[in-house]
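# Commentary on secondary and tertiary structure
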Amino acid sequence: MAESDAAFSCTCGQVRGTISPATPSSGTHLTCHCKDCRAAAIYLKQPDPAPGGVDLFQTTPDTIRFSQGKERLAILRLGPKGPLRWYASCCKAPMFNTLSRPGPRFATAIVDRIEDASAIGPVRARAFVQAAGESPKHKNMGLMVWRLMTRMGAARLSGRWKQTPFFDVETGIPSAPVNVLSADERASVTS
């Protein structure tokens, strides 16, 4: 493992791998306070992140390598639209988020799964921050979007966009089964 690599694992250790490189320049460390990030954690029987948010590291999929347990990945989708939330089926640990199709390539790692998160630097952006009586606000999202588009463009130009552990590039099919919540299941975790 190189110095700039960051190891990740699920809670029970059956799913493991590395993000390489995992540096402040290879991704963006952000905190998301949206109701869907919270709902996913609750549905997967994880600690409720409220009133805080879920720490994420947004990077490109070509930086993510699984060394064991990839076959234990499963996907949660909170409804027929929205991101795919990849988790370890062995212990229900949330691991990554991706879009539902392999086109625009980015992957967001759940920072709690990264063994030494100091490598990714401090939180640089915050999404859906709620203040009493106000609509949710974002902080430094312009920076996050700029950095995301720059990384995705570089991956596209270099051909790295085809390197993903999450999808079959030819068919666009996710490499794990997808569980889409029913309206009732979603309501039970978003109230």
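Before reading further, recall that the structure is shown in the block above.
Residues numbered from 1 in each chain as written. Predicted model: local features only at pLDDT ≥ 70, side-chain atom pairs only at ≥ 80, totals over all residues. Heavy atoms only, no water.

Pairs may arise between side chains of opposite charge once their charged atoms sit close together. Across all of its chains, the model carries four salt bridges by this definition. Salt-bridge contacts for E115 lead to R16; the nearest nitrogen and oxygen are separated by 3.2 Å. Of the two residues, E115 sits in the loop between β9 (107-110) and β10 (125-129) while R16 sits in strand β2 (residues 16-19), which places them 99 residues apart along the sequence. Put simply, E134 and K137 hold a salt bridge, and the shortest N to O gap is 3.9 Å. Given the relative accessible area of 44%, K137 is considered partly exposed. (Salt bridge = Lys/Arg side-chain N within 4 Å of Asp/Glu carboxyl O. Helix = DSSP H or I, 4+ residues; strand = E, 2+ residues; numbered from the N terminus. Buried < 20%, exposed > 50% of the residue type's maximum accessible area, 1.4 Å probe, protein only.)

Right, let's talk about the sheet that holds β2 for a bit. Taken together, the three strands give an open sheet; going across it, the order is β1-β2-β5, and neighbouring strands pair in antiparallel fashion. The sheet terminates laterally at β1 (6-9) and β5 (64-68), the two strands that pair on one side only. Strand after strand, the sheet turns through a mean of 30 degrees between neighbouring axes, direction not considered. Across four bridges, β2 lies against β5 in antiparallel orientation. (Pairing = 2+ DSSP bridges. Axes fitted to C-alpha atoms, helices over the stretch in contact; angles between N-to-C directions.)

Time to look at helix α1 (residues 35-43). Listing the buried residues of α1 in full gives C37, A39, A40 and A41. Residues of α1 that are buried in the fold lie against β3 (28-32), β4 (54-59), β6 (73-77), β7 (84-88) and α3 (183-190). Backbone geometry just downstream of α1 places K45 in the positive-phi region, at approximately 65 degrees. (Contact = heavy atoms within 4.5 Å.)

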